[in-house]
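Structural description and commentary
Here are the chains, one letter per residue:
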Amino acid sequence: MTQLPPRPAVQPASALITGSAVPAPLLSCRDVYRSFGATQALRGIDFTAGAGEIVAIMGPSGSGKSTLLHCLAGILLPDKGEVRFAGERIDRLSEARRSALRRERFGFVFQFGQLVPELTAEENVSLPLLLARVARNEALGLARPWFERLGLDGLEGRLSSELSGGEAQRVALARALVADPQVLFADEPTGSLDSLSGELVMNLLVDTARERGTTVVLVTHEPRVAAYADREVMVRDGRASCVALGDAA
Amino acid sequence: MSVSYALLGLLEQHPNHGYELKRQYDEYFGRDKPLLYGQVYSTLARLVRDGHILETGNAPGEGPERKLYAITAQGEEEFSTWLADPVTPEAHLQTILGMKMVLALLLNRPADAYLDAQRHAHLERMRELTAQRRTAPLIDALLIDHALFHLEADLRWIDLTTSRLDSIAKELKG
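Residues numbered from 1 in each chain as written. Chains lettered and ligands numbered in written order. Predicted model: local features only at pLDDT ≥ 70, side-chain atom pairs only at ≥ 80, totals over all residues.

1. Considering the overall build of chain B
The secondary structure content of chain B amounts to seven helices and three strands. Listing every helix and strand of chain B by position from the N terminus yields α-β-α-α-β-β-α-α-α-α. Principal axes of the C-alpha set define a box for chain B whose edges measure 65 × 30 × 30 Å. Expressed as a percentage of its 174 residues, the buried residues of chain B come to 29%. (Helix = DSSP H or I, 4+ residues; strand = E, 2+ residues; numbered from the N terminus. Buried ≥ 20, exposed ≤ 12 C-beta atoms within 10 Å, placed from the backbone.)

2. Things to note about the overall build of chain A
The helix and strand inventory of chain A stands at eight helices and 10 strands. The burial tally for chain A puts 49% of its 249 residues in the buried class.

3. Considerations on the pairing of strand S1 (residues 27-36) of chain A
All names here are of chain A. One ladder, built from eight bridges, connects S1 with strand S2 (residues 39-49); its direction is antiparallel. Within the sheet, the bridge partner assigned to Cys29 lies in S2 and is Phe47. Linking S1 to S2, which pair antiparallel, is a turn of two residues; within it Gly37 sits at a positive phi near 65°. Here five bridges tie S1 to strand S4 (residues 80-85), and the two strands are oriented antiparallel to one another. From the neighbouring strand, Arg30 faces S4, where its bridge partner is Glu82. (Pairing = 2+ DSSP bridges.)

4. Some points on the sheet that holds strand S5 (residues 88-89) of chain A
Residues and elements named next belong to chain A. Taken in spatial order, the four strands line up as S2-S1-S4-S5 in an open sheet, and their pairing is antiparallel. Each edge of the open sheet carries a strand with a single partner, namely S2 and S5. Helix H2 (residues 65-72) rests against S1, S2 and S4 of the sheet, and its axis sits at about 60° to S2. (Contact = placed C-beta atoms within 7 Å. Axes fitted to C-alpha atoms, helices over the stretch in contact; angles between N-to-C directions.)

5. What to know about the pairing of S4 of chain A
All names here are of chain A. Strand direction decides the pairing type here: S4 and S5, joined by two bridges, are antiparallel. Paired with Arg84 across the bridge in S5 is Arg89. Count of turn residues in the S4/S5 antiparallel hairpin: two residues, of which Ala86 carries a positive phi of about 50°.

6. Overview of the nonpolar core
Ile57, Leu72, Leu173, Val217 and Leu218 of chain A are the most contacted members of the largest nonpolar core, which has 105 residues in total. The biggest single contributor to this core is helix H6 (residues 165-177) of chain A, with seven residues. When residues are assigned to domains, this core turns out to be shared by domain 1 (2-84) and domain 2 (94-172) of chain B, each giving three or more. Discounting residues that sit within four places of it in the chain, Leu173 of chain A has contacts with Val109, Leu150, Val201, Leu204 and Leu205 of chain A. (Core = buried A, V, L, I, M, F, W, Y, C linked by C-beta atoms within 7 Å. Domains from an automatic or database assignment.)

7. Focus: helix H5 (residues 136-149) of chain A
Residue and element names in this part refer to chain A. In this model H5 runs 21 Å from its N-terminal to its C-terminal C-alpha over 14 residues, within 8% of the 20 Å that 1.5 Å per residue would give. If you check which residues of H5 are buried, you get Ala139, Leu142, Ala143, Trp146 and Phe147. Here the buried residues of H5 occupy an arc of 160° about the axis, which is enough to place them on one side. In H5, the exposed positions that point more than 90 degrees away from the buried face belong to Asn137 and Glu148. After H5 finishes, the residue Gly151 shows a positive phi value of roughly 70°. (Expected span 1.5 Å × (residues − 1). Arc of directions from axis to C-beta.)

8. Regarding the confidence of the model for chain A
When pLDDT is averaged across chain A, the result is 86; 87% of the residues are at 70 or more. Throughout residues 1-23 of chain A the model reports pLDDT below 50, and contacts reaching past four residues in sequence, or to other chains, amount to 41 contacts. (pLDDT = per-residue confidence, 0-100.)

9. Let's talk about the interface of chain A and chain B
Each partner contributes to the interface: chain A provides 13 residues, whereas chain B provides 16 residues. Within the residue set of the side of chain A that touches chain B, elements represented by two or more residues are helix H8 (223-226) and strand S9 (231-236) of chain A. In terms of residue count, the dominant contributor to the side of chain A that touches chain B is H8 of chain A (three residues). Its residues assigned to classes, the side of chain A that touches chain B comprises eight nonpolar, two polar and three charged. (Nonpolar A, V, L, I, M, F, W, Y, C, P; charged D, E, K, R; others polar.)

10. Re the sheet that holds strand S2 (residues 53-58) of chain B
Strand pairs in the sheet, formed through backbone hydrogen bonds, run parallel or antiparallel to each other. Residues and elements named next belong to chain B. Within the open sheet, the three strands sit side by side as S1-S3-S2. Their pairing is antiparallel. With partners counted over all chains shown, the strands left at the sheet margins are strand S1 (16-17) and S2, one partner each. Bridging between S1 and strand S3 (residues 67-71) involves two bridges; their strand directions are antiparallel. Counterpart to His17 in the pairing with S3 is Leu68. Contacting S1, S2 and S3, helix H1 (residues 2-13) crosses the sheet at an angle of about 95° to S3.

11. A closer look at the domain arrangement of chain B
Residue and element names in this part refer to chain B. As assigned here, chain B comprises domain 1 (2-84) and domain 2 (94-172). Here the C-alpha centre of domain 2 lies 27 Å away from the C-alpha centre of domain 1. Contact with domain 1, which involves nine residues of that partner, is made by 10 residues of domain 2. Contributing elements (two or more residues each) for the side of domain 1 that touches domain 2: H1 and helix H4 (73-84). No other element matches the five residues that H1 contributes to the side of domain 1 that touches domain 2. The residue makeup of the side of domain 1 that touches domain 2, split by class, is five nonpolar, three polar and one charged.

12. Considering the packing of helix H6 (residues 111-135) of chain B against helix H7 (residues 138-172) of chain B
All names here are of chain B. Look at H6 against H7: their axes get within 10 Å of each other, and the N-to-C directions meet at 165°. Taken together, the axis directions place H6 and H7 in an arrangement best described as roughly antiparallel. The interaxial crossing formed by H6 with H7 has left-handed handedness. For the pair H6 and H7, the contacting residues are Ala111, Asp112, Leu115, Gln118, Arg119, His122, Arg125, Met126, Leu129, Gln132 and Arg133 in the first and Ala141, Ile144, Ala147, Leu148, Leu151, Asp154, Leu155, Ile158, Thr161, Thr162 and Leu165 in the second. A breakdown of the residues in the contact of H6 with H7 according to their chemical character gives 12 nonpolar, five polar and five charged. (Parallel < 35°, antiparallel > 145°, perpendicular 65-115°, else oblique. Left-handed = near helix turned anticlockwise from the far one by under 90°.)

Here's what the structure looks like:
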């Protein structure tokens, strides 16, 4: 695999969140509740992920696993409870600061790549850097090595409509990782792919996360995808059921 | 081996004699393969020898099959340990997992917690196999994939059973 260039200059985390201490775990939530109207999606859930750890969130449809991911990523605010990143409460940050945190510290991959259809693959990958005010030429230069790394050579100029599902998902993965996030949130990242493409995406995701020390929060209902993680958290009826490694030995 | 644990679990409900134990076993676990009387009594004799059950007299009626057996404290401990221990993940486990679920529900044990532990054991095995497959030659990867798909089938059964525990318990207890 090709080595990637060092991460582009972005604001330090301390510019986004107050305080400088960075205790483990890197990402956590405690006693989080979240409702949508009369439906309680999360009911006092706890979660932790250490730096560089890959954690799978599993559970049946409607169990609250995607809502948990959205709360951990600061996309949704909990009704009650706290969410911490690098030791600081992110549920208390303003929307603007949470948005900056998501842009500069977090990466996202969803079930359907959600590439911007008007942009080329290369422009899609460089998008997080452009939003972080990295100059266009520099951003494209940082985006290009990802194409070789993820087996996408020659597809730089294609629009998303000209890519296969597996190719589009690898472009989405490159876009999520190009700004070297501390946490990658992946919500059913192989859900729309056949087995072989899914395996390729997961191998690349895990290899890159391990190499860069990226924490991964992986929502999936597929055991074969969860098996790439260091451990799993089961969510059922908005509550977590954690089995620590070794408990079942 | 699992016949011994099934009889221990059935005896944990209340003392019973061999004929009735066979009837209950066949109803819950032996539809395709009922227990032979010889197997019932040899298993009970072995459980007595190991101190897991003891003879407590005779039920009303005639004949040696009316002998009553009761589980001992040692037997209860042996049974509880077996029930809570996840089965070593391998293909085609439904029979023994199904037996554990029926016994757990009959005895008001935490069947959902047992299933969570079993799910974790399965995922641990899948993690090991997935890690092996990532560096394995393709011919080995094919065999690993086969094992992974079977473990995944078990996990689907575990998930479905988890969501049906309440209904199964109601059916079992009438």
